[in-house]
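# Commentary on secondary and tertiary structure
Okay, here's what each chain looks like letter by letter:
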Amino acid sequence: MSRKHRRFKGAEVSCCVKYVLFGFNIVFWLLGAAFLGIGLWAWAEKGVLSNLSSITDLKGFDPVWLFIVVGGVMFILGFAGCIGALRENTFLLKFFSVFLGLIFFLELTAGILAYVFKDWIKDQLDLFINNNVKAYRDDIDLQNLIDFAQEYWSCCGAHGPDDWNQNIYFNCTDKNPSRERCGVPFSCCVKKPERDVINTQCGYDARLQGDRERHDQIYVKGCVTQFEKWLQDNLIIVAGVFVGISLLQIFGICLAQNLVSDVKAVKANW
């Protein structure tokens, strides 16, 4: 009886903490695997996996990198947290806590720097958009991303339609034989409610039009300006999302550290 009594009173691992952390991370792990799988599938479809040197050939941004990097980080974190909780492995749990804490610190640092160096961030955003405008036809995923951004924010180019002069297919030089010369992508066109079918040629010769015709045919505001406006209009929602993500990260770190303490306490009684 006395032995049973001492075992009942001794330290033990909290099943609640253990399985909440396990459930929290198995979802994270599966999402990471899905993101990673989508990214690798996209690269396989584009032939990147059979020719890895092509990764560096694209001058613009390949959106697949988002799936690969985010999916990879989520997969590693989910694996460490899931197996660490299930097996009560303190090494994996500590790795999970430190890795998650590092990500949280980097996010916090990036947010502070973005607020302090707003003008520099804006310049980098200009440069980023213009570089991708140049590479618009080089990658189908990049093309779809730019089209989505221009349609969603009702914008065209970084600062306006004339930014498309930097693209070899849309520039207005006499040496340009393209039919898209002096035009813009169809995603720059003002959407007509009565039209159900997208006219992919609506941007042809758009920059040859006068200002009045241009306003009726295509978006004339740049995406940097429209993105800033969207950010101001949705500041509370954006801030709420970041706070929610931060709280989830802190919650995960606290659960992992709590479980580590429980495991150490149990081992100390052996």
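Further remarks concern a nonpolar patch on the surface. Among the surface-exposed residues, Leu108, Ile112, Leu113, Tyr115, Val116, Phe117, Trp120 and Ile121 lie close enough to one another that they form a single nonpolar patch of about 860 Å² accessible area. Contributions of two or more residues to the nonpolar patch are made by helix H4 (90-116) and helix H5 (118-134). Considering every element that reaches the nonpolar patch, the biggest residue donor is H4, with 5 residues. Looking at where phenylalanine 117 falls in the secondary structure, it is placed in the loop between H4 and H5. Residue class for phenylalanine 117 comes out partly exposed when judged on its relative accessible area of 45%.

Turning next to the packing of helix H2 (residues 15-45) against helix H9 (residues 235-268). At a closest axis distance of 10 Å, the pairing of H2 and H9 adopts a crossing angle of 135°. It follows that H2 is oblique to H9 by the angle criterion. The two elements H2 and H9 meet at a crossing, and its hand is left-handed. From H2, Val17, Lys18, Val20, Leu21 and Phe24 reach across to H9, where they touch Leu248, Phe251, Gly252, Leu255, Ala256, Asn258 and Leu259.

If you want to describe how two helices pack, look at the angle between their axes and the distance between the axes. Where H4 contacts H9, the two axes come as close as 9 Å, and the packing angle between them is 155°. It follows from the interaxial angle that H4 and H9 lie roughly antiparallel. Our pair here, H4 against H9, has a crossing hand that is left-handed.

In this structure, the largest pocket occupies an estimated 2,100 Å³ of space. Together, 46 residues line the largest pocket, and Ala114, Ile121, Phe227, Leu231 and Phe242 are the ones closest to its centre. Of all elements in the fold, only H4, H5, helix H6 (140-152), helix H8 (223-233) and H9 reach the threshold of two or more residues within the lining of the largest pocket. A total of 10 residues in the lining of the largest pocket trace back to one element, the largest contributor, which is H5. Within this model, the second largest pocket holds a volume of roughly 340 Å³. In terms of lining, the second largest pocket is formed by 16 residues, of which the most central are Phe28, Leu100, Glu107, Ile245 and Gln249. Every element with two or more residues in the lining of the second largest pocket is listed here: H2, helix H3 (64-87), H4 and H9.

Before going further, it helps to examine the nonpolar core. Core analysis: the biggest nonpolar cluster contains 20 residues, and Ile129, Cys156, Trp164 and Val184 have the highest contact counts within it. Looking at this core, the elements that each hand over two or more residues are H5, H6 and H8. Beyond its immediate stretch of four places on either side in the chain, isoleucine 129 contacts Gly157, Ala158, Cys223 and Val224. Val17, Leu21, Leu100 and Leu259 belong to the second largest nonpolar core, which has 17 residues in total.

Calculation criteria
Residues numbered from 1 in each chain as written. Predicted model: local features only at pLDDT ≥ 70, side-chain atom pairs only at ≥ 80, totals over all residues. Heavy atoms only, no water. Patch = residues over 30% accessible without salt bridge, like charges linked within 9 Å, V, L, I, M, F, W, Y side chains within 5 Å. Areas by Shrake-Rupley, 256 points an atom, 1.4 Å probe, with all protein chains shown as cover. Salt bridge = Lys/Arg side-chain N within 4 Å of Asp/Glu carboxyl O. Helix = DSSP H or I, 4+ residues; strand = E, 2+ residues; numbered from the N terminus. Buried < 20%, exposed > 50% of the residue type's maximum accessible area, 1.4 Å probe, protein only. Axes fitted to C-alpha atoms, helices over the stretch in contact; angles between N-to-C directions. Parallel < 35°, antiparallel > 145°, perpendicular 65-115°, else oblique. Left-handed = near helix turned anticlockwise from the far one by under 90°. Contact = heavy atoms within 4.5 Å. 1 Å grid on protein atoms, 1.4 Å probe; cavity = no way out; pocket = protein on both sides within 12 Å on 5 of 7 lines; lining within 4 Å. Points joined across faces, edges and corners; volume = space filled by probe spheres on them. Core = buried A, V, L, I, M, F, W, Y, C linked by side-chain atoms within 4.5 Å.

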